[in-house]
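For reference, the chains in residue letters:
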Amino acid sequence: MNKRRRVYEGKAKVLYEGPEPGTLIQHFKDDATAFNNKKHALIEGKGVLNNRISEHIFVKLGEIGVPTHFVRRLNMREQLIREVEIIPLEVVVRNVAAGSLAQRLGLEEGKALPRSIIEFYYKNDGLGDPMVCEEHITAFGWANPPEIDEIMALALRINDFLVGLFCGIGIRLVDFKVEFGRLWENEQMRIVLADEISPDCCRLWDAATSDKLDKDRFRRDLGGVLEAYQEVARRLGVLTENPRPKGSGPVLVSSKPH
Ligand code: TMP
(Lines give C-alpha, C1' and ligand atoms only; values in the text may rest on other atoms or scores of the structure.)
Protein backbone atom coordinates (compact mmCIF):
# COMPACT_ATOMS: atom_id res chain seq x y z
CA MET A 1 0.00 0.00 0.00
CA ASN A 2 2.80 2.40 0.86
CA LYS A 3 4.54 1.90 -2.49
CA ARG A 4 3.02 5.26 -3.45
CA ARG A 5 5.40 8.17 -3.75
CA ARG A 6 5.30 10.42 -0.71
CA VAL A 7 5.21 14.00 -1.92
CA TYR A 8 5.16 15.82 1.42
CA GLU A 9 4.88 14.98 5.11
CA GLY A 10 3.47 17.54 7.52
CA LYS A 11 2.78 17.30 11.24
CA ALA A 12 -0.73 15.87 10.95
CA LYS A 13 -0.97 14.78 7.31
CA VAL A 14 0.95 13.08 4.51
CA LEU A 15 0.49 13.82 0.82
CA TYR A 16 1.02 10.99 -1.66
CA GLU A 17 1.08 11.06 -5.43
CA GLY A 18 -2.48 10.65 -6.74
CA PRO A 19 -3.84 8.18 -9.31
CA GLU A 20 -3.61 10.71 -12.14
CA PRO A 21 -1.54 13.80 -12.87
CA GLY A 22 -2.76 16.86 -11.00
CA THR A 23 -4.15 14.83 -8.10
CA LEU A 24 -2.78 13.93 -4.67
CA ILE A 25 -3.92 11.71 -1.83
CA GLN A 26 -4.20 13.51 1.52
CA HIS A 27 -3.69 11.08 4.43
CA PHE A 28 -4.73 12.13 7.95
CA LYS A 29 -2.40 10.92 10.74
CA ASP A 30 -3.18 10.58 14.44
CA ASP A 31 -0.29 12.88 15.40
CA ALA A 32 -1.11 15.99 17.39
CA THR A 33 1.45 18.76 17.78
CA ALA A 34 1.40 22.13 19.47
CA PHE A 35 3.74 25.07 19.99
CA ASN A 36 5.54 24.44 16.72
CA ASN A 37 6.12 20.76 17.36
CA LYS A 38 7.50 21.16 20.90
CA LYS A 39 4.60 19.09 22.18
CA HIS A 40 3.68 15.91 20.37
CA ALA A 41 1.34 13.00 20.99
CA LEU A 42 -0.56 10.31 19.16
CA ILE A 43 -4.32 10.51 19.59
CA GLU A 44 -5.62 7.25 18.22
CA GLY A 45 -8.53 7.82 15.88
CA LYS A 46 -8.04 11.59 15.44
CA GLY A 47 -7.02 11.23 11.79
CA VAL A 48 -10.15 9.25 10.97
CA LEU A 49 -12.37 11.89 12.59
CA ASN A 50 -10.58 14.82 10.93
CA ASN A 51 -10.85 13.13 7.52
CA ARG A 52 -14.64 12.84 7.93
CA ILE A 53 -15.15 16.29 9.48
CA SER A 54 -13.02 18.03 6.85
CA GLU A 55 -14.74 16.12 4.02
CA HIS A 56 -18.15 17.20 5.34
CA ILE A 57 -17.14 20.86 5.60
CA PHE A 58 -15.36 21.01 2.21
CA VAL A 59 -18.34 19.38 0.47
CA LYS A 60 -20.75 21.86 2.09
CA LEU A 61 -18.50 24.80 1.15
CA GLY A 62 -18.32 23.47 -2.41
CA GLU A 63 -22.13 23.42 -2.49
CA ILE A 64 -22.26 27.17 -1.77
CA GLY A 65 -19.67 27.87 -4.48
CA VAL A 66 -16.44 28.09 -2.50
CA PRO A 67 -13.80 26.45 -4.73
CA THR A 68 -11.77 23.80 -2.88
CA HIS A 69 -9.09 21.21 -3.62
CA PHE A 70 -11.36 18.37 -2.42
CA VAL A 71 -12.40 15.67 -4.90
CA ARG A 72 -13.69 12.77 -2.79
CA ARG A 73 -12.96 10.70 0.28
CA LEU A 74 -11.17 7.44 -0.54
CA ASN A 75 -11.20 5.59 2.78
CA MET A 76 -11.13 6.10 6.56
CA ARG A 77 -7.98 8.22 6.51
CA GLU A 78 -7.56 9.46 2.97
CA GLN A 79 -9.10 11.82 0.47
CA LEU A 80 -8.37 12.54 -3.16
CA ILE A 81 -7.50 16.19 -3.77
CA ARG A 82 -6.46 18.41 -6.66
CA GLU A 83 -2.78 19.30 -6.57
CA VAL A 84 -2.40 23.03 -5.94
CA GLU A 85 0.48 25.39 -5.35
CA ILE A 86 0.09 26.21 -1.69
CA ILE A 87 0.28 29.92 -0.89
CA PRO A 88 2.64 30.04 2.13
CA LEU A 89 0.16 31.79 4.42
CA GLU A 90 -1.89 30.62 7.38
CA VAL A 91 -5.05 32.70 7.19
CA VAL A 92 -6.72 33.05 10.58
CA VAL A 93 -10.27 34.38 10.95
CA ARG A 94 -11.43 35.40 14.43
CA ASN A 95 -14.91 36.13 15.77
CA VAL A 96 -14.17 35.98 19.49
CA ALA A 97 -11.06 36.97 21.47
CA ALA A 98 -8.98 33.89 22.32
CA GLY A 99 -5.53 32.38 22.01
CA SER A 100 -2.69 34.53 20.71
CA LEU A 101 -4.95 37.55 19.98
CA ALA A 102 -6.24 37.64 23.56
CA GLN A 103 -2.67 37.32 24.81
CA ARG A 104 -1.12 39.89 22.46
CA LEU A 105 -3.73 42.59 23.08
CA GLY A 106 -4.66 41.73 26.66
CA LEU A 107 -8.26 40.88 25.77
CA GLU A 108 -10.55 38.78 27.87
CA GLU A 109 -10.98 35.31 26.30
CA GLY A 110 -14.54 34.81 25.13
CA LYS A 111 -15.37 38.42 24.35
CA ALA A 112 -17.01 38.85 20.94
CA LEU A 113 -14.87 40.99 18.62
CA PRO A 114 -16.39 44.18 17.15
CA ARG A 115 -16.16 42.48 13.74
CA SER A 116 -14.51 39.43 12.23
CA ILE A 117 -10.75 39.91 11.96
CA ILE A 118 -8.43 38.30 9.41
CA GLU A 119 -4.76 37.75 10.21
CA PHE A 120 -1.94 36.34 8.10
CA TYR A 121 0.94 34.20 9.32
CA TYR A 122 3.90 33.20 7.15
CA LYS A 123 3.88 29.41 6.89
CA ASN A 124 7.40 28.56 7.99
CA ASP A 125 8.00 26.10 10.82
CA GLY A 126 11.65 27.14 11.16
CA LEU A 127 10.49 30.64 12.07
CA GLY A 128 7.47 29.48 14.11
CA ASP A 129 4.90 30.84 11.60
CA PRO A 130 5.39 34.58 12.32
CA MET A 131 2.50 37.01 11.89
CA VAL A 132 2.86 39.14 8.75
CA CYS A 133 0.91 41.94 7.08
CA GLU A 134 -0.05 42.60 3.47
CA GLU A 135 3.10 44.67 2.91
CA HIS A 136 5.26 41.62 3.71
CA ILE A 137 3.09 39.35 1.57
CA THR A 138 3.35 41.53 -1.54
CA ALA A 139 6.96 42.67 -1.01
CA PHE A 140 8.21 39.09 -0.70
CA GLY A 141 5.94 37.88 -3.51
CA TRP A 142 3.96 35.28 -1.54
CA ALA A 143 0.75 36.63 -3.10
CA ASN A 144 -0.16 39.69 -5.16
CA PRO A 145 -2.82 42.28 -4.19
CA PRO A 146 -5.69 40.77 -6.24
CA GLU A 147 -4.86 37.33 -4.76
CA ILE A 148 -4.92 38.80 -1.25
CA ASP A 149 -8.34 40.36 -1.98
CA GLU A 150 -9.64 37.01 -3.23
CA ILE A 151 -8.22 35.18 -0.19
CA MET A 152 -9.86 37.66 2.19
CA ALA A 153 -13.22 37.47 0.39
CA LEU A 154 -13.13 33.66 0.46
CA ALA A 155 -12.04 33.60 4.12
CA LEU A 156 -15.02 35.79 5.10
CA ARG A 157 -17.47 33.68 3.09
CA ILE A 158 -16.09 30.56 4.72
CA ASN A 159 -16.42 32.22 8.13
CA ASP A 160 -20.03 33.29 7.54
CA PHE A 161 -20.95 29.80 6.42
CA LEU A 162 -19.12 28.02 9.24
CA VAL A 163 -20.49 30.32 11.97
CA GLY A 164 -24.00 29.34 10.85
CA LEU A 165 -23.20 25.66 10.40
CA PHE A 166 -21.71 25.36 13.89
CA CYS A 167 -24.33 27.62 15.51
CA GLY A 168 -26.98 25.18 14.26
CA ILE A 169 -25.36 22.36 16.24
CA GLY A 170 -24.80 24.32 19.45
CA ILE A 171 -21.17 25.28 18.80
CA ARG A 172 -19.59 28.75 18.85
CA LEU A 173 -16.94 29.20 16.15
CA VAL A 174 -14.36 31.29 17.98
CA ASP A 175 -11.63 31.28 15.30
CA PHE A 176 -10.03 29.06 12.68
CA LYS A 177 -7.07 28.79 10.32
CA VAL A 178 -7.29 28.01 6.61
CA GLU A 179 -4.84 27.70 3.74
CA PHE A 180 -5.30 28.45 0.07
CA GLY A 181 -3.64 27.28 -3.12
CA ARG A 182 -3.38 28.17 -6.79
CA LEU A 183 -5.08 25.80 -9.19
CA TRP A 184 -4.42 26.10 -12.93
CA GLU A 185 -7.10 25.01 -15.41
CA ASN A 186 -6.71 25.78 -19.14
CA GLU A 187 -4.14 28.53 -18.56
CA GLN A 188 -6.47 30.07 -15.97
CA MET A 189 -5.51 30.34 -12.32
CA ARG A 190 -8.02 30.10 -9.47
CA ILE A 191 -7.45 30.48 -5.76
CA VAL A 192 -9.00 27.50 -3.96
CA LEU A 193 -9.38 26.43 -0.35
CA ALA A 194 -6.81 23.72 0.46
CA ASP A 195 -5.49 21.76 3.47
CA GLU A 196 -8.26 20.85 5.97
CA ILE A 197 -10.87 22.30 8.30
CA SER A 198 -11.16 20.25 11.48
CA PRO A 199 -10.97 20.69 15.27
CA ASP A 200 -7.17 20.71 14.79
CA CYS A 201 -7.34 24.17 13.26
CA CYS A 202 -10.51 25.71 14.75
CA ARG A 203 -11.59 26.88 18.18
CA LEU A 204 -15.02 25.37 18.80
CA TRP A 205 -16.78 26.05 22.09
CA ASP A 206 -19.99 24.39 23.22
CA ALA A 207 -22.57 27.19 23.02
CA ALA A 208 -24.22 26.27 26.32
CA THR A 209 -21.26 25.34 28.53
CA SER A 210 -18.26 26.96 26.70
CA ASP A 211 -16.52 23.56 26.87
CA LYS A 212 -13.68 23.42 24.38
CA LEU A 213 -14.28 20.92 21.57
CA ASP A 214 -10.97 21.40 19.71
CA LYS A 215 -7.18 21.10 19.85
CA ASP A 216 -6.96 23.50 22.80
CA ARG A 217 -7.84 20.40 24.88
CA PHE A 218 -4.46 19.04 23.79
CA ARG A 219 -2.55 22.35 23.88
CA ARG A 220 -3.80 23.11 27.40
CA ASP A 221 -3.72 19.53 28.77
CA LEU A 222 -7.47 19.44 29.40
CA GLY A 223 -7.85 15.74 28.49
CA GLY A 224 -10.71 14.23 26.50
CA VAL A 225 -9.28 15.27 23.13
CA LEU A 226 -10.70 12.38 21.11
CA GLU A 227 -14.07 12.61 22.89
CA ALA A 228 -14.31 16.31 21.95
CA TYR A 229 -13.53 15.59 18.26
CA GLN A 230 -16.07 12.73 18.35
CA GLU A 231 -18.68 15.11 19.74
CA VAL A 232 -18.08 17.58 16.88
CA ALA A 233 -18.34 14.71 14.35
CA ARG A 234 -21.50 13.40 16.02
CA ARG A 235 -23.19 16.81 15.98
CA LEU A 236 -22.24 17.33 12.32
CA GLY A 237 -23.88 13.96 11.63
CA VAL A 238 -20.76 12.33 10.20
CA LEU A 239 -20.33 9.69 12.92
CA THR A 240 -22.44 6.86 11.64
CA GLU A 241 -21.17 3.99 13.77
CA ASN A 242 -23.22 3.20 16.86
CA PRO A 243 -21.14 3.27 20.03
CA ARG A 244 -20.41 -0.18 21.33
CA PRO A 245 -22.70 -1.17 24.23
CA LYS A 246 -20.78 -0.66 27.44
CA GLY A 247 -19.70 -3.76 29.34
CA SER A 248 -22.50 -5.95 28.10
CA GLY A 249 -20.15 -8.52 26.57
CA PRO A 250 -21.35 -10.97 23.94
CA VAL A 251 -25.11 -10.88 23.48
CA LEU A 252 -26.94 -14.21 23.52
CA VAL A 253 -29.08 -14.28 20.40
CA SER A 254 -30.88 -17.54 20.95
CA SER A 255 -30.89 -19.92 23.91
CA LYS A 256 -33.06 -22.59 22.32
CA PRO A 257 -31.53 -26.05 22.81
CA HIS A 258 -30.81 -27.87 19.55
P1 TMP B 1 -3.87 31.38 17.81
O2 TMP B 1 -4.86 32.08 18.67
O3 TMP B 1 -2.97 30.44 18.56
O4 TMP B 1 -3.11 32.33 16.94
O5 TMP B 1 -4.72 30.44 16.82
C6 TMP B 1 -5.71 30.97 15.99
C7 TMP B 1 -6.43 29.81 15.26
O8 TMP B 1 -5.55 29.18 14.35
C9 TMP B 1 -6.94 28.73 16.18
O10 TMP B 1 -8.22 28.31 15.72
C11 TMP B 1 -5.97 27.60 16.03
C12 TMP B 1 -5.42 27.78 14.65
N13 TMP B 1 -4.02 27.45 14.52
C14 TMP B 1 -3.62 26.45 13.64
O15 TMP B 1 -4.44 25.84 12.98
N16 TMP B 1 -2.28 26.18 13.54
C17 TMP B 1 -1.34 26.83 14.24
O18 TMP B 1 -0.15 26.54 14.10
C19 TMP B 1 -1.76 27.86 15.15
C20 TMP B 1 -0.76 28.61 15.98
C21 TMP B 1 -3.10 28.14 15.25
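Heads up: the structure comes first, above all this text.
No experiment lies behind these values; they were computed from the predicted model shown.

A. The arrangement of the overall build of the protein chain in detail. Helix and strand counts for the protein chain stand at six helices and 14 strands. C-alpha extents for the protein chain along the principal axes are approximately 80 × 50 × 35 Å. In the protein chain, 57% of the contacts between residues at least 6 apart in sequence involve partners at least 24 apart. Accessible surface computed for the protein chain: about 14,000 Å², of which carbon and sulfur atoms make up 53%.

B. Structural context of unusual backbone geometry. Even without being a glycine, Asn 37 presents a positive backbone phi close to 75 degrees. The residue Asn 37 is located in the loop between β4 (31-34) and β5 (39-42) in this model. Judged by its relative accessible area of 44%, Asn 37 falls in the partly exposed class. The phi dihedral of Asp 129 falls on the positive side, at around 45 degrees, and the residue is not glycine. Along the chain, Asp 129 turns up in the loop between β10 (112-122) and β11 (131-132).

C. Inspection of the site of the ligand at higher detail. Around the ligand, the surrounding shell holds 14 residues, and the nearest of these are Arg 94, Ser 100, Asp 175, Lys 177 and Arg 203. One of the side-chain nitrogen or oxygen atoms of Arg 94 is found 2.9 Å away from an oxygen atom of the ligand. Burial of the ligand by the protein amounts to 76% of the accessible area it has alone, namely 450 Å². Secondary structure elements with two or more residues in the shell around the ligand: β9 (89-96), α2 (99-105), β12 (171-185) and β14 (202-206). Residue composition of the shell around the ligand, grouped by class: five nonpolar, two polar and seven charged.

D. Quick look at the nonpolar core. By size, the foremost hydrophobic cluster in this structure holds 49 residues, and its most contacted members are Val 91, Phe 120, Ile 158, Phe 166, Phe 180 and Ile 197. With eight residues, helix α4 (residues 145-167) is the largest single contributor of residues to this core. Ignoring sequence-local partners within four residues, the contact set of Phe 166 consists of Ile 57, Ile 171, Leu 173, Leu 204, Val 232 and Leu 236.

E. Local environment of the packing of helix α1 (residues 46-63) against α4. Two elements in contact, α1 and α4, have axes whose closest approach is 11 Å; the angle formed by their N-to-C orientations is 120 degrees. The angle between α1 and α4 places the two elements in the oblique class. Crossing angle aside, the handedness with which α1 passes α4 is right-handed. Across the interface between the two elements, Ile 57, Lys 60 and Leu 61 of α1 pack against Ile 158, Phe 161, Leu 162, Leu 165 and Phe 166 of α4. In terms of residue class, the contact of α1 with α4 is made up of seven nonpolar, no polar and one charged.

F. The arrangement of the environment of Glu 9 in detail. Of note, Glu 9 is situated in strand β1 (residues 6-9). Setting aside its immediate chain neighbours within four residues, Glu 9 contacts Val 14 and Lys 29.

G. How the structure looks around the pairing of strand β13 (residues 188-194). Here β12 runs beside β13; their pairing, made up of seven bridges, is antiparallel. Of the residues in β13, the one forming a bridge with Arg 182 is Ile 191.

H. Main features of the sheet that holds strand β2 (residues 13-17). Strand order in the open sheet formed by five strands is β1-β2-β3-β7-β6, with antiparallel pairing between adjacent strands. On the outer flanks of this sheet lie β1 and β6 (70-73), each paired with one strand and no other. In this sheet, neighbouring strand axes are inclined to one another by 25 degrees on average, regardless of whether the strands run parallel or antiparallel. Of the pairings in the sheet, the one linking β1 to β2 comprises three bridges and is antiparallel in character. Bridging across to β2, Tyr 8 finds its partner in Leu 15. The strands touched by α1 are β3 (23-28), β6 and β7 (78-82); relative to β6, the strand with the most contacts, the crossing angle is about 130 degrees.

I. Up close: the environment of Asn 50. Note on placement: Asn 50 falls in helix α1. Take Asn 50: its relative accessible area is 1%, and that puts it in the buried class.

J. Region of the structure containing the packing of aromatic side chains. Inspection of every chain in the model, using the stated rule, returns two aromatic pairs. With 4.0 Å between their ring centres and 10 degrees between their planes, Tyr 122 and Trp 142 make a pair best called stacked. A residue pair is termed long-range when its members are at least 10 positions apart, and Tyr 122 in strand β10 and Trp 142 in the loop between α3 (134-139) and α4 qualify at 20 residues. Through a chain of ring-to-ring contacts, three or more aromatic side chains come together here, namely Tyr 122, Phe 140 and Trp 142.

About the criteria used
- Residue numbering note: each chain is counted from 1, following its sequence as written.
- In view of the model being predicted, local features appear only for residues whose pLDDT reaches at least 70, and side-chain atom pairs are presented and counted only at 80 or more, with totals across whole chains, interfaces and linings using the full set of residues.
- Side-chain numbers here rest on the full set of heavy atoms in the structure, without hydrogens or water.
- Helix and strand definitions follow DSSP, with helices as H or I runs of at least four residues and strands as E runs of at least two, each counted in order from the N terminus.
- In what follows, residue pairs with any heavy atoms lying within 4.5 Å of each other are defined as contacts.
- Reported accessibility uses the Shrake-Rupley method at a 1.4 Å probe radius. Residues are deemed covered only where the shown protein chains occlude them.
- Each residue is placed in one exposure class: buried if its accessible area under a 1.4 Å probe, protein chains only, is under 20% of its type's maximum, exposed if it is over 50%, and partly exposed if it falls in between.
- Consider each residue's heavy atoms; a residue with any of them within 4 Å of a molecule or strand counts as near.
- The term polar contact refers here to a pair of N or O atoms within 3.5 Å; inside protein, the definition further demands a hydrogen-donor-capable atom paired with an acceptor-capable atom, and it admits residues adjacent in sequence only when both atoms are side-chain atoms.
- Following the grouping adopted for this structure description, the nonpolar residues are Ala, Val, Leu, Ile, Met, Phe, Trp, Tyr, Cys and Pro, the charged ones are Asp, Glu, Lys and Arg, and the polar ones are all others, Gly among them.
- Grouping buried Ala, Val, Leu, Ile, Met, Phe, Trp, Tyr and Cys residues that are joined through side-chain atoms within 4.5 Å yields what is termed a nonpolar core.
- For helices, the axis comes from a line fit to the C-alpha atoms of the stretch in contact; other axes are also lines fit to C-alpha atoms, and the angle between any two N-to-C directions lies between 0 and 180 degrees.
- Roughly parallel means an angle under 35 degrees; roughly antiparallel, over 145; roughly perpendicular, 65 to 115; everything else is oblique.
- Each helix crossing is assigned a hand: it is left-handed if the near helix lies turned anticlockwise from the far helix by less than a right angle, otherwise right-handed if that turn is clockwise.
- Two strands pair if DSSP finds at least two bridges between them.
- Stacked, edge-to-face and tilted labels apply to pairs of Phe, Tyr and Trp rings (six-membered ring for Trp) whose centres lie within 6.5 Å, assigned for plane angles under 30 degrees, over 60, and everything in between, in that order.

Shape is all these values report; function is a separate question.
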